[in-house]
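# Structural overview
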Amino acid sequence: MAERSEIDLSNIPAHLAVIMDGNGRWAKQRGGLRVFGHQSAITAVRDTVEEAAELGIKYLTLYAFSTENWNRPALEVTALMQLLVHTIRNETPTLLKNSVRLQAIGDLATLPGKCQRELAEAIEITKGGTRMTLVLALSYSGRWDLTQASRRLAADVAAGRLQPEAVTEATVTGYLATAGMPDPELLIRTSGEQRISNFLLWQLAYTELYITPVLWPDFRRSHLRDALVAYQQRERRFGKTSEQLTVS
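To start, this report covers the structure provided alongside it. This structure is a prediction, so every number in the text was calculated from the model and none was measured. (Residues numbered from 1 in each chain as written. Predicted model: local features only at pLDDT ≥ 70, side-chain atom pairs only at ≥ 80, totals over all residues. Heavy atoms only, no water.)

For helix α4 (residues 74-97), which comprises 24 residues, the first-to-last C-alpha distance of 35 Å matches the rise-based estimate of 34 Å (1.5 Å per residue) to within 8%. Taking the largest bend as the criterion, α4 deviates by roughly 40°, centred on Glu 91, and proline Pro 93 comes between one and four positions later. Looking one or two residues beyond α4, the residue adopting positive phi is Ser 99, at roughly 55°. (Helix = DSSP H or I, 4+ residues; strand = E, 2+ residues; numbered from the N terminus. Expected span 1.5 Å × (residues − 1). Bend = angle between axes of the 7 residues up to and from the residue.)

Here it is, written out as structure tokens:
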């Protein structure tokens, strides 16, 4: 387990993304319902948010609920939405105290009205936070993001506000739900699954992946530090050779 002293604070990713996976398996191992795993994951979220803020990470994006998750059993979805409302309400004072700004990305209009209201209120209350931005990906998927960006971009081209030849990678980036945020330098996925599950498909083009077998409810500060130490030992070349990086 890595200690704070092992981390190079001058090489902290500005944006960390996390796929929080394993709640159901964690609950099953303990003979409980999947909802029990989701409830038990709140401590992992709290530990990760606090440690990320203290280490100087500026953006932390948590994959909380995907568009595909709507296909889960109705009882589980309902319980998740209730848990979301409860958690946002309870954690907002802590976010405010620690100057953490809350944001959300995804097809938020599909969330229950109560969730939308609690989320909007928390975003408004914490909008002055400057230490870190916590981004909840809710009813989100990478394909949804690219689809909505394409529609908006096409509408602007059709209206004459944008010329097709003027479209660049930066233009597309500006239409995504994450517009204004840097791309994640590091993605952590818990539970050992080795896929990105339709998450930030455009934004993860050059992101370092860190897969841990730890189930999300068991994830703690030390596990986050382990991921950062592993990240800092990698050479990020962005298509260049090691020699080119040495020369530059």
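Moving on to the sheet that holds strand β5 (residues 186-189). Pairing between the strands of a sheet comes from backbone hydrogen bonds, and it takes one of two forms, parallel or antiparallel. The strand order β3-β4-β2-β1-β5-β6 describes an open sheet built from 6 strands, whose pairing is parallel. Whereas interior strands pair on both sides, the edge strands pair on one side only; in this sheet they are β3 (100-105) and β6 (208-211). For this sheet, the mean inter-axis angle between neighbouring strands, taken without regard to orientation, is 20°. Two elements, strand β1 (residues 15-19) and β5, share 4 bridges in a ladder whose sense is parallel. Following the sheet pairing, Val 18 is matched in β5 by Ile 188. Where helix α3 (residues 42-55) meets the sheet, it contacts β2 (59-66), β3 and β4 (132-140), and its direction lies at approximately 160° from that of β2. Its contacts with the sheet put helix α5 (residues 113-125) on β3 and β4, and the angle it makes with β3 is roughly 140°. (Pairing = 2+ DSSP bridges. Axes fitted to C-alpha atoms, helices over the stretch in contact; angles between N-to-C directions. Contact = heavy atoms within 4.5 Å.)

Looking now at the packing of α3 against helix α8 (residues 221-232). For the pair α3 and α8, the least separation of the axes is 9 Å and the interaxial angle reads 50°. Judged by the angle between their axes, α3 and α8 are oblique. With respect to the hand of their crossing, α3 and α8 are arranged in right-handed fashion. On the side of α3, the interface is formed by Asp 47, Thr 48, Glu 50, Glu 51, Ala 52, Glu 54 and Leu 55, while α8 contributes Arg 221, Leu 224, Arg 225 and Leu 228. Taken together, the residues of the contact of α3 with α8 sort by class into 4 nonpolar, 1 polar and 6 charged. (Parallel < 35°, antiparallel > 145°, perpendicular 65-115°, else oblique. Left-handed = near helix turned anticlockwise from the far one by under 90°. Nonpolar A, V, L, I, M, F, W, Y, C, P; charged D, E, K, R; others polar.)

Time to look at the side chain of Asp 47. Within the fold, Asp 47 resides in helix α3. Buried charge Asp 47 goes without a salt bridge, the closest partner of opposite sign being Arg 220 at 4.1 Å. Other than its neighbours up to four places away in sequence, Asp 47 contacts Arg 220 and Arg 221. (Buried < 20%, exposed > 50% of the residue type's maximum accessible area, 1.4 Å probe, protein only. Lys, Arg positive; Asp, Glu negative; His and termini not counted. Salt bridge = Lys/Arg side-chain N within 4 Å of Asp/Glu carboxyl O.)

Examined against the element boundaries, Glu 54 turns out to sit in helix α3. Relative accessible area serves as the criterion here: at 37%, Glu 54 is assigned to the partly exposed category. Each C-alpha atom of the pair Glu 54 and Arg 131 lies 8.8 Å from the other, and the pair is 77 residues apart in sequence. For Glu 54, the residues in contact, after removing those within four places along its chain, are Arg 4, Arg 131 and Arg 221. A distance of 2.4 Å separates the side chain of Glu 54 from the side chain of Arg 4, its partner in a polar contact. One polar contact links Glu 54 to Arg 221, side chain to side chain, over a distance of 3.1 Å. (Polar contact = N/O pair within 3.5 Å; in protein donor to acceptor, adjacent residues only side chain to side chain.)

Right, let's talk about the packing of aromatic side chains for a bit. In total, this model carries 7 aromatic pairs according to the counting rule given. Look at Tyr 63 and Phe 199: their rings are 4.1 Å apart centre to centre, the planes differ by 10°, and that puts the pair in the stacked class. Pair noted here: Tyr 63 is in strand β2 and Phe 199 is in the loop between β5 and β6, with a separation of 136 residues, a long-range link. Look at Tyr 63 and you get buried, because its relative accessible area is 9%. Summarising the aromatic geometry, the rings of Tyr 140 and Trp 144 are spaced 5.9 Å apart at their centres and angled 70° between planes, so their arrangement reads as edge-to-face. Judged by its relative accessible area of 0%, Tyr 140 falls in the buried class. (Phe/Tyr/Trp six-rings, centres within 6.5 Å; stacked < 30°, edge-to-face > 60°.)

Turning to unusual backbone geometry, a few remarks are in order. With a phi close to 50°, Ser 139 is a non-glycine residue in the positive phi region. For Ser 139, the location among the structural elements is in strand β4. In this model, Ser 191 sits at a positive phi of 80°, which is unusual for a non-glycine residue. Following the sequence through the fold, Ser 191 ends up in the loop between β5 and β6. For Ser 191, a relative accessible area of 10% puts it in the buried group.

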